[in-house]
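Secondary and tertiary structure notes
Here is how the chains run, residue by residue.
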Protein chains: 2
Amino acid sequence: MPETQDKFKVLLREHGLKVTNQRIAILQVLNTRPNEHLTVDEIYDYVKEDYPDIGLATVYRTILLLTDLNLVEKLNLEDGYVRYEIGDKDRDKAHRHHHLICLECGSISSFQDDLLENLENKIFSSIGFKVEDHEVKLFGRCRKCRNNAD
Amino acid sequence: MPETQDKFKVLLREHGLKVTNQRIAILQVLNTRPNEHLTVDEIYDYVKEDYPDIGLATVYRTILLLTDLNLVEKLNLEDGYVRYEIGDKDRDKAHRHHHLICLECGSISSFQDDLLENLENKIFSSIGFKVEDHEVKLFGRCRKCRNNAD
DNA sequence: CTTAGTGCAAAGCTTTTGCACTGCA
DNA sequence: TGCAGTGCAAAAGCTTTGCACTAAG
C-alpha cells in the first residue's frame, strides 16, 4: 500500500518531522499485516528482518507517533499484551470496526457494524454525553474451538 | 452490603480458602464505593485506613481472587490505570453494564443496555462464534465539559 | 550545518514471586 | 497444629528516558 506510505510521508513533513528508514520500515510491517494485531515485540522482530540494527525504543517511539497521527490503532484485549493494527483510512469505517476474541485459542477477528449509532443518539439526548469514539470487544468461543470441544 | 460479604465468605469456604481480615477489608472498600472505579493504589490507600499493616502484594492477590470469583470486574479505560469495581450480583445485569468515559475530565459513568443481543445472535449464526461476554466503552465529552467549552 | 531521530543502557512503573512468619480453621 | 495467607523485598516485565552519535533536510 504505497498510498499509506505517501500519506505518512506527507503527514510527517506537515508536522516538521523527518522521514527516516526506520519509520517507513515499521509502517511497512504494519501495512503488510493488516489483520494480525501485532504486539510491540512482534513488530520489533519483523522490522529487524529488514532493518537488523533498529532499537526497541525506536519501535516504541514510532508506534506512539503512528498512533498520534491516527495511522495505527492501539488495542488492549485483556490478554496481557498491548497490540497495534493499521487503522482504516476511512474514519467512519474505523468507527464501526470491532473485535471478537476467542477465550480458548486467543484468536482475534474483526467485524464491522454500525450497531451503536442509535444508542449514541439516545445517550446524547438523555444525559448530554456526546460520544466521539467507541470500542466494542466480544469475548467467547470461535467455531473451531467449539467443534473441538465436542 | 452484608449480603455480599456473606456471599464472599461462603464462596471462600466453598473453595477451601480462608476468610481473613485483609480479604474482608478489601471487599468492604470496593463494596462501599460501588461507582468509583478504583485503581489498585486507591484500594490500597483506602484499606490502609482500616488496616494500616496490609501489604500491597496482598491487595493484588486479593483483587485477583475477587475477580476470579466474579465478585469484582477489571476495567481498562486506556488512561494508563487498571481499575476495579464491585460486580453486579445479577450476572445478566453485569452483562449489560457499559462505560462512558469523558475524554476531557476523565470522569467515568455507567449505563445499562442490552443493545448487543441481536448482534450476538447474528454473529453466532453467520460465523459460529458464540459470544459469552462483552465490553463496550464509549469515549466522548460529558455535558459539563461541553458546557464549559462554550 | 543543524537538530530531529536513533541505539543503547539505565531508570521507572506496575505487577508478580520467593520466603520466612502469622493466624485461621 | 498445619497449611493457606501475609508482609516484605527482590525480581520481572514492559515502557520511557538520558545521552552521545547519526543522518535527514
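Quantities reported herein were computed from a predicted structural model and do not represent experimental measurements. (Residues numbered from 1 in each chain as written. Chains lettered and ligands numbered in written order. Predicted model: local features only at pLDDT ≥ 70, side-chain atom pairs only at ≥ 80, totals over all residues. Heavy atoms only, no water.)

Our focus in this paragraph is the protein's contact with DNA strand D. By nearness alone, 17 residues border DNA strand D, and A:Tyr60, B:Thr20, B:Arg23, B:Thr58 and B:Arg61 come closest of all. In the model, a phosphate oxygen of DNA strand D is placed 2.6 Å from a nitrogen or oxygen of the B:Thr20 side chain. The side chain of B:Gln22 places a nitrogen or oxygen atom 2.9 Å from a sugar or linking oxygen of DNA strand D. Residue composition of the surface near DNA strand D, grouped by class: 7 nonpolar, 4 polar and 6 charged. (Near = heavy atom within 4 Å. Polar contact = N/O pair within 3.5 Å; in protein donor to acceptor, adjacent residues only side chain to side chain. Nonpolar A, V, L, I, M, F, W, Y, C, P; charged D, E, K, R; others polar.)

Contact residues are listed per partner, giving 34 residues for chain B and 34 residues for chain A. A combined buried area of about 2,900 Å² lies between chain B and chain A, and 58% of that area is made up of carbon and sulfur atoms. Applying the counting criterion to the chain B and chain A interface returns 4 salt bridges. Of the charged contacts, one joins B:Arg141 and A:Glu132 as a salt bridge, the two residues approaching to 3.0 Å between their closest N and O atoms. (Contact = heavy atoms within 4.5 Å. Buried area = accessible area lost by both parts, 1.4 Å probe. Salt bridge = Lys/Arg side-chain N within 4 Å of Asp/Glu carboxyl O.)

Counting 26 residues, the largest nonpolar core has A:Leu116, A:Leu138, B:Leu116 and B:Leu138 as the members making the most contacts within it. Elements represented by at least two residues in this core include exactly strand E4 (97-102), helix H6 (117-127) and strand E6 (130-141) of chain A together with strand E4 (97-102), helix H6 (117-127) and strand E6 (130-141) of chain B. Contacts of A:Leu138, omitting those with residues within four sequence positions, involve A:His99, A:Leu100, A:Ile101, A:Phe111, B:Leu116, B:Leu119, B:Glu120, B:Ile123, B:Phe129, B:Val131, B:Asp133 and B:His134. (Core = buried A, V, L, I, M, F, W, Y, C linked by side-chain atoms within 4.5 Å. Buried < 20%, exposed > 50% of the residue type's maximum accessible area, 1.4 Å probe, protein only. Helix = DSSP H or I, 4+ residues; strand = E, 2+ residues; numbered from the N terminus.)

Quick look at H6(B) now. Residue and element names in this part refer to chain B. Looking only at H6, the buried set comprises Leu119, Glu120 and Ile123. Seen from one end, H6 has its buried residues packed into an arc of 100°, which puts them on one side. Away from the buried face of H6 by more than 90 degrees, exposed residues Asn118, Asn121 and Ser125 are located. Positive backbone phi, approximately 80°, marks Gly128, located one or two places after H6. (Arc of directions from axis to C-beta.)

Within the structure shown, the criterion is met by 0 aromatic pairs over all chains. Above the plane of the ring of A:Tyr46 lies A:Arg33, whose end atom (NZ or CZ) is 3.6 Å from the centre. (Phe/Tyr/Trp six-rings, centres within 6.5 Å; stacked < 30°, edge-to-face > 60°. Lys NZ or Arg CZ within 6 Å of the ring centre and 35° of its normal.)

A few words on the sheet that holds strand E1 (residues 38-39) of chain B. Residue and element names in this part refer to chain B. In spatial order, the strands read E1-E3-E2; together these 3 strands make up an open sheet with antiparallel pairing. Each edge of the open sheet carries a strand with a single partner, namely E1 and strand E2 (72-76). Two strands pair when backbone bridges link them, and E1 and strand E3 (residues 82-86) are joined in this way by 2 bridges, in the antiparallel orientation. Across the sheet, the residue bridging to Leu38 is Tyr84, located in E3. The sheet strands contacting helix H2 (residues 21-32) are E1, E2 and E3, and the helix crosses E3 at an angle near 85°. (Pairing = 2+ DSSP bridges. Axes fitted to C-alpha atoms, helices over the stretch in contact; angles between N-to-C directions.)

Relative to chain A, chain B is turned by 180° and slid 0.1 Å along the rotation axis, the superposed coordinates differing by an RMSD of 0.2 Å. In symmetry terms, the pair is related by a two-fold rotation axis. Considering only C-alpha atoms, the part of chain B nearest the rotation axis is B:Val136, at 2.3 Å. When the interface residues of chain B are mapped onto chain A, 97% of them are again interface residues, pointing to one common binding face. (Least-squares fit on C-alpha atoms with pLDDT ≥ 70 in both.)

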